[in-house]
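Structural description and commentary
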Amino acid sequence: MKHDDKKCSVAIIGTGNIGIDLLYKVRRSSEMYVKYFVGRNKDSKGISIAKKLGVKTSFDGISFLVENNDYDIVFDATSASDHVIHAPIFRKLDKKVVDLTPSNIGNKSVPSIKINTKEALWNANMITCGGQASLPIIDAIVKSGVMPDYVEIVTSIASDSAGIATRRNIDEYINTTESAVKSFFGIEKVKVILNLNPAEPKVNMQTTIYCRISNADINVIASNIDKKVDYIQSYVPGYKLALKPIYIDSILTTSVMVSGSGDYLPEYAGNLDIITCGAVEVAKKMIKGEV
Amino acid sequence: MKRVIISDTTLRDGNHAVDHKMTLEQIEKYCCEVDDVGVDIVEVGHGNGLGASSLLVGLGAEHDKDMLRIARKNLKKTKLGIHFIPGFGRIRDLTIAFDEGVDIFRIASHCTEVNVIERYINVVKNEGRIAYGVLMMSHSLNKNELIKNCKLIESYGADAVVIMDSAGYYLRENVKERITCLVDAIDIPVGFHGHNNLGMAIINSIEAIKSGATIIDASIKGFGAGAGNTQLEVLIQVLNRLNISNSVSIKKLFNLVKTSESFIKTYPNIQPGNIMSGNHGLFSGFCKHVEKQSKLLDVDEYDIYKALSERKVVAGQEDIIIEVANELSRGGLN
């Protein structure tokens, strides 16, 4: 397979739904190409898809990526416990990592929020779907010159988009999202809620953000949020405002809806798409040296 | 017929009726007196359970820990219970309840999402406490799906299964069919939690008992979300007439009704909004939120309920009520 030499080479480890969706997304990018698609299960659907697309595959897992270390960036779509093992290995190999597991090891990363790290970013953690959907909105609010003293993030996702790992890790989802709000903005009082909705046809992901703010200028905030939504749409096409900000009794409420791009994961799974889209965007920023 | 266990939901589901603003003083007074009445379990806390105090469903007036502590102090004979929904509450909230001496942990999920409760039931059982698996909005599953999910709850090691008619949707024959099959299918006790949206709470609870349920949720004056729960004092009187064994002293219960009038000022009555939510199969806890948005934006409650029903929202999606009402006020949604 021929590739533009200028393109950055990427390895994907983890051949489940997230890994496959990433495979499609990276293939569409003009900055990167998938060099290796690696898992541990030789019968996985992902391996056969990657083979058909002409990508070199292996089911030797991390050891393959140690032996064949001629790639620039690696996406880890395995599991939190696996990433705990992978992270130091990639660091030793001098590889930049985008971590899509909830391992909470690397720097919490949202493409639309500038992070000021002193060192280059080696390990970018994609936080959670609710975090990717809500943190940019909170950023837009904070950049309007106000600081909420309480933030609440309520996310509903289609039941079928929540796999068994998500269902067993609801506490971790809440903890990770909560700690991201605290570390990004220094807001101490945060409440995160997750709902699963079994409706047919399946519902899109929806996240509502409540902020307690005194003396907010709703017009300034609304315009900042609009700009942010436009920017997010450049990397998550299905991201849109479902409820324009309203401000009553010191509570600002706004809601976003996320439908997926339908690359591999179904369109209703906006909660997964916002993570894979975000991961690709972070990788692009790593390539450009912006993070 | 087996003795019926009465689980009093006044201080938990009733919290919905006062926007979760029940005070420690009210809880203390109630617990002090109910302990002698003979109800088996008293549930205490925010209407949506441990850790649920939020702008989404309503900020509680008191902390979970304080409510449980004051209840525990005043309950000697009656067991103390809590409601818990994963996604609202976390293990750390269960730990608080362990420390405060809660006896019965009612771990609940929307009826289709039963596997999310497995982890929390395990946590409770590992602590050596009693865990009930609770399925909310149980009307939205057919008989076979309901049996399947209740068998899962049994497999998680729960001590009982409670099916909730959170929307007050069931008619008598629906309860009979479901409870009869459940009692047949699983070996742990089966409970029923009624709502009165269609005026069926008492008769549905009696039907549940006749079909083999042995745990019944009820509250003083039916104090609960929406049109309220099964009215405890009426239920006990009917059970006594039917010679169904229970451990409640009706005389003491009547006195409790009188003294609790200090904070249960009105009997929940069945408003058109409750009938609509019952008929659409929407969560009773939506009632106050729909009322609020309807007044705020001058939108007809009827249209809000209709839109919510089309969106197929579940408990915990109170944010969608705001979205839908704003959309309607701008002339959207047709």
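Just above, that's the structure.
In this report, we go over the structure that sits alongside the text. What you are looking at is a predicted structure, and each value in this text was computed from that prediction instead of being measured.

The next point concerns the overall build of chain A. Of regular secondary structure, chain A possesses nine helices and 12 strands. Relative to a compact globule of 291 residues, whose C-alpha radius of gyration would be 19 Å, chain A shows 19 Å and is just as compact. Summarising its shape, the C-alpha atoms of chain A cover approximately 60 × 45 × 30 Å along the three principal directions. Burial status across chain A gives 59% buried among its 291 residues. Here the contacts in chain A between residues at least 6 apart in sequence split such that 68% fall between residues at least 24 apart. Approximately 12000 Å² of chain A is accessible, and the part contributed by carbon and sulfur atoms is 48%.

What you tend to see is this: most non-glycine residues have negative phi, and most peptide bonds are trans. For the bond running from A:E200 to A:P201, omega is -10 degrees, close enough to zero to count as cis. Mapped onto the elements, A:P201 comes out in the loop between β9 (189–197) and β10 (205–212). Phi at B:M137 takes a positive value of approximately 50 degrees, unusual for a residue other than glycine. With respect to the helices and strands, B:M137 occurs in the loop between β5 (130–136) and α6 (143–155).

It is worth spelling out the interface of chain B and chain A at this point. If you look at the interface, chain B gives 32 residues, while chain A gives 37 residues. Taken together, both faces of the contact between chain B and chain A bury some 2800 Å²; the carbon and sulfur share is 50%. For the pair chain B and chain A, the number of links is three salt bridges. A salt bridge links A:E172 to B:R119; the shortest N-O distance between them is 2.8 Å. Linking chain B with chain A are 23 residue pairs in polar contact (both at pLDDT 80 or more). Going through the elements one at a time, α4 (91–99), α5 (118–126) and α14 (318–329) of chain B are the ones with two or more residues in the side of chain B that touches chain A. For the side of chain B that touches chain A, the element with the highest residue contribution is α14(B), accounting for five residues. For the side of chain B that touches chain A, the per-class residue count stands at 13 nonpolar, 11 polar and eight charged.

So, on to helix α9 (residues 232–241) of chain B. Residue and element names in this part refer to chain B. For α9, the complete set of buried residues consists of L232, E233, L235, I236 and L239. Buried positions in α9, seen along its axis, are confined to an arc of 160 degrees and lie on one side of it. Looking at the buried positions of α9, the neighbouring elements they touch are β1 (5–11), α8 (201–210), β8 (215–218) and α10 (250–259). Just downstream of α9 lies N243, where phi reads positive at about 55 degrees.

Residues and elements named next belong to chain B. By the alternation rule, side chains of strand β2 (residues 41–44) split into I41 and E43 and V42 and V44, which are all buried. As paired elements, β1 and β2 share three bridges and run parallel to each other. The residue of β2 that forms the bridge with S7 is I41. Here β2 runs beside strand β3 (residues 79–84); their pairing, made up of three bridges, is parallel. Its bridge partner being in β3, I41 is matched across the sheet by K79. With helix α3 (residues 64–74) bridging β2 and the parallel β3, this β-α-β connection has right-handed handedness.

The next subject is the sheet that holds strand β8 (residues 150–158) of chain A. All names here are of chain A. The five strands lie next to each other as β9-β8-β10-β12-β11, forming an open sheet whose pairing is mixed. Of all strands in the sheet, those bounded by a partner on one side alone are β9 and β11 (239–248). Strand-to-strand, the axes of this sheet are offset by a mean angle of 10 degrees, without reference to chain direction. As defined by bridge partners, β8 adjoins β10 across seven bridges and the pair is classed as antiparallel. Within β10, the residue paired with I153 across the bridge is I209. Here helix α7 (residues 170–185) sits on the sheet in contact with β8 and β9, set at roughly 140 degrees to β9.

Attention shifts here to a nonpolar patch on the surface. Taken together, the side chains of A:V84, A:I85 and A:I105 define a hydrophobic patch exposed on the protein surface, amounting to about 260 Å² of accessible area. By secondary structure assignment, the location of A:I85 is in helix α4 (residues 80–92).

Below, the discussion takes up the sheet that holds strand β5 (residues 96–99) of chain A. Residue and element names in this part refer to chain A. Read across the open sheet, the seven strands follow the order β3-β2-β1-β4-β5-β7-β6; overall the sheet is parallel. A strand with exactly one partner marks an edge of an open sheet, and here the two such strands are β3 (56–58) and β6 (107–108). Where β6 and strand β7 (residues 123–125) come together, two bridges link them in parallel fashion. Its bridge partner lying in β7, N107 is registered against A124. Of the strands in this sheet, β1 (8–13), β4 (73–76), β5 and β7 are in contact with α4, which crosses β4 at around 175 degrees.

This next bit is on the nonpolar core. In this structure, A:F75, A:V98, A:Y239 and B:L94 are the most contacted members of the largest nonpolar core, which totals 145 residues. In this structure A:F75 touches A:V10, A:A11, A:I12, A:I13, A:L22, A:V26, A:M32, A:V98, A:L100, A:A279, A:V280 and A:A283, once residues within four positions along its chain are discounted. Ranked by size, the runner-up nonpolar core spans 41 residues in total, among them B:L56, B:M276, B:V290 and B:L328.

All names here are of chain B. The residue I104 is located in strand β4 (residues 104–110) in this model. I104 sits 61 residues away from E43 along the chain, and the two C-alpha atoms are 8.6 Å apart. Apart from residues no more than four positions distant in its own chain, I104 is found in contact with I41, K79, L80, G81, I82, I130 and Y132.

What counts as what
- Residues numbered from 1 in each chain as written.
- Chains lettered and ligands numbered in written order.
- Predicted model: local features only at pLDDT ≥ 70, side-chain atom pairs only at ≥ 80, totals over all residues.
- Heavy atoms only, no water.
- Helix = DSSP H or I, 4+ residues; strand = E, 2+ residues; numbered from the N terminus.
- Rg over C-alpha atoms; globule rule 2.2 N^0.38 Å.
- Buried < 20%, exposed > 50% of the residue type's maximum accessible area, 1.4 Å probe, protein only.
- Contact = heavy atoms within 4.5 Å.
- Areas by Shrake-Rupley, 256 points an atom, 1.4 Å probe, with all protein chains shown as cover.
- Buried area = accessible area lost by both parts, 1.4 Å probe.
- Salt bridge = Lys/Arg side-chain N within 4 Å of Asp/Glu carboxyl O.
- Polar contact = N/O pair within 3.5 Å; in protein donor to acceptor, adjacent residues only side chain to side chain.
- Nonpolar A, V, L, I, M, F, W, Y, C, P; charged D, E, K, R; others polar.
- Arc of directions from axis to C-beta.
- Pairing = 2+ DSSP bridges.
- Right-handed = clockwise from strand over helix to strand, strands pointing away.
- Axes fitted to C-alpha atoms, helices over the stretch in contact; angles between N-to-C directions.
- Patch = residues over 30% accessible without salt bridge, like charges linked within 9 Å, V, L, I, M, F, W, Y side chains within 5 Å.
- Core = buried A, V, L, I, M, F, W, Y, C linked by side-chain atoms within 4.5 Å.

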